[in-house]
Amino acid sequence: MTLRTRRITWAEASARRLERQLLASSAPATEAGTPVGRAGPVSPADVAASMLGAHAQVLSAAELSVGVRTEGLTRSDVRAALWDDRPEKRTLVKTYGPRGTVHLLPARELPLWTAALTALPTGTSPFPPDVRLSEEQADQVVAAIGDTLAEGACLTIDELSEAVVARTGPWFGEPVMPAFQGMWPRWRQVMHRAGQSGALCFGPDRGRKVTYIRPPAFTPLPPTEALASLVRNYLRAYGPATPAHFAKWAAVQGGWAGRLFGSSAEAGEIEEVEFEGARAWVVAGDTEFPGPGEGGVRGVRLLPYFDAYAVAAQPRELLFPGAAYERALAGGQAGNFPVLLVDGVVGGVWHQRRRGRRTTVTVELLDQLGGLTARQRGELGERVERVGEVLEATAELVIGKVEVGPHA
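I will try to describe carefully the structure that is included in this document.

Each value, and the rule that gives it
- Residues numbered from 1 in each chain as written.
- Predicted model: local features only at pLDDT ≥ 70, side-chain atom pairs only at ≥ 80, totals over all residues.
- Heavy atoms only, no water.
- Core = buried A, V, L, I, M, F, W, Y, C linked by side-chain atoms within 4.5 Å.
- Buried < 20%, exposed > 50% of the residue type's maximum accessible area, 1.4 Å probe, protein only.
- Helix = DSSP H or I, 4+ residues; strand = E, 2+ residues; numbered from the N terminus.
- Contact = heavy atoms within 4.5 Å.
- Axes fitted to C-alpha atoms, helices over the stretch in contact; angles between N-to-C directions.
- Parallel < 35°, antiparallel > 145°, perpendicular 65-115°, else oblique.
- Left-handed = near helix turned anticlockwise from the far one by under 90°.
- Nonpolar A, V, L, I, M, F, W, Y, C, P; charged D, E, K, R; others polar.
- Pairing = 2+ DSSP bridges.
- 1 Å grid on protein atoms, 1.4 Å probe; cavity = no way out; pocket = protein on both sides within 12 Å on 5 of 7 lines; lining within 4 Å.
- Points joined across faces, edges and corners; volume = space filled by probe spheres on them.
- Phe/Tyr/Trp six-rings, centres within 6.5 Å; stacked < 30°, edge-to-face > 60°.

Structural notes on the nonpolar core
Logical step 1: The biggest cluster of nonpolar side chains holds 69 residues, and the ones touching the most others in it are Leu104, Leu160, Leu200, Leu235, Phe246 and Trp249.
Logical step 2: Looking at this core, the element that brings in the most residues is helix α9 (residues 223–238), giving 8 residues.
Logical step 3: With near-sequence residues (within four places) excluded, Leu160 lies in contact with Thr148, Leu149, Leu155, Trp187, Met191, Leu200 and Tyr212.
Logical step 4: In terms of nonpolar packing, the next biggest core, distinct from the first, is built from 28 residues, Trp10, Leu18, Ala280 and Phe337 among them.

Considerations on the packing of helix α3 (residues 59–67) against helix α15 (residues 374–390)
What describes two packed helices is the angle between their axes and the distance between those same axes.
Logical step 1: Viewed as axis vectors pointing N to C, α3 and α15 meet at an angle of 125°, and their least axial separation amounts to 10 Å. Of the possible angle classes, the one that applies to α3 and α15 is oblique. Taken as a pair, α3 and α15 cross one another with a handedness that is right-handed. Here Glu63, Leu64 and Gly67 of α3 come into contact with α15, specifically with Arg386, Val387 and Val390.
Logical step 2: In terms of residue class, the contact of α3 with α15 is made up of 3 nonpolar, 1 polar and 2 charged.

Comments concerning the sheet that holds strand β9 (residues 209–213)
Logical step 1: In space, the 3 strands of this open sheet follow the order β5-β9-β8, with antiparallel pairing throughout. Every interior strand has two partners, whereas the edge strands, β5 (155–156) and β8 (201–206), have only one.

Quick look at the layout of surface pockets
Logical step 1: Quantified by volume, the largest pocket comes out at close to 1,500 Å³.
Logical step 2: Along its surface, the largest pocket is lined by 49 residues, and Tyr96, Arg99, Gly100, Gln189 and His192 are the ones closest to its centre.
Logical step 3: Broken down by element, the lining of the largest pocket gets its largest block of residues, 5 residues, from helix α8 (residues 191–197).
Logical step 4: Taken together, the residues that form the lining of the largest pocket break down as 26 nonpolar, 13 polar and 10 charged.

Observations regarding the packing of aromatic side chains
Logical step 1: Counted under the stated rule, the structure contains 9 aromatic pairs.
Logical step 2: Between Tyr96 and Phe202 the ring centres are 5.6 Å apart and the planes differ by 40°, which places this aromatic pair in the tilted class. With Tyr96 in strand β3 (residues 92–96) and Phe202 in strand β8, this pair connects stretches of sequence that are 106 residues apart. No difference in accessibility class separates Tyr96 from Phe202, as the two residues are buried.
Logical step 3: Centroid distance Tyr234 to Phe246: 5.3 Å. Interplanar angle 80°. Geometry classified as edge-to-face. Separated by 12 residues along the polypeptide, Tyr234 in helix α9 and Phe246 in helix α10 (residues 243–250) bring together distant segments of the chain.
Logical step 4: Classification of Tyr234 as buried rests on a relative accessible area of 0%.

Here you go:
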């Protein structure tokens, strides 16, 4: 007997993804929270878990990613979860996550994340041979960072650099790494590895200066177990998906991702489905999707820079249809513009400019929409108000051209 492969449409996948991303309807908020997937309120850490981390290169964007998925959380709640004076209340960690970029991750998930991220294959160094570090030298730097911060230190980058060079030697401190308008010391090219391994995370700012501390103590999972869990978590949040989709999200080679998915399939942990006419995967047994008319795709949403949903949901050409692919992506890269979702797809870009206790949110609609309905316009106004609430400001909506470029 031949088993019939489950067929899943883009509309079905979008409805489930938005629901699991807490974007179908905002979740009630609480400090303690409850595990995602259960009825009840959620905490900042729960929301970050549902996204597989909130991109936090710009902290205000991460605060918005968390806040717009709830009814009541604000940036103060996110910051409290990061920097509370009571260590046991620090349920979020700001550190280097997927793709080596800064993310907010649940502290409770550090055993999984650190084991999985350090087990992902690293690509070829982009630096010239006389600049790059060998694997042995990279491990030496990570160990020096961990030893320095293990002493309970909270250091600025200059203080951390001085301590690392003191432990490793002057060669590691040579300013040979191109960065922005200057040159960084050689050791900093593997700073993200220290974060991914759990040797450091970000601490509370000291004035305008960033600081680094050691994250809470934990024991990493075995690497094989962590990678298998990462695949399942990714598919629960963003499935159906292919190994190529996972490879793009994790910044690994497609062939390696294919072998990882193959191992998970052989273990019976994931199963094949047909997604928009192509072969894709979901977690084994996780094949229930909202049917037509069950909601989840209708409505408008505002997502900030590098929101996890805009970055990870695939196929990208379906999430960014028509003019959205040109206007809302930068060279095909998602996240460079905050986006407006209309009925589950990108229908515009937006930008917010803050002045004191007020912020102006300018929303540019794409021509393909033909304008918003009265219902959608009213909902957009509510979403703009929510952006203001998260940022603890009064927000004003302006419909018009977004004049700033990516990352502005």
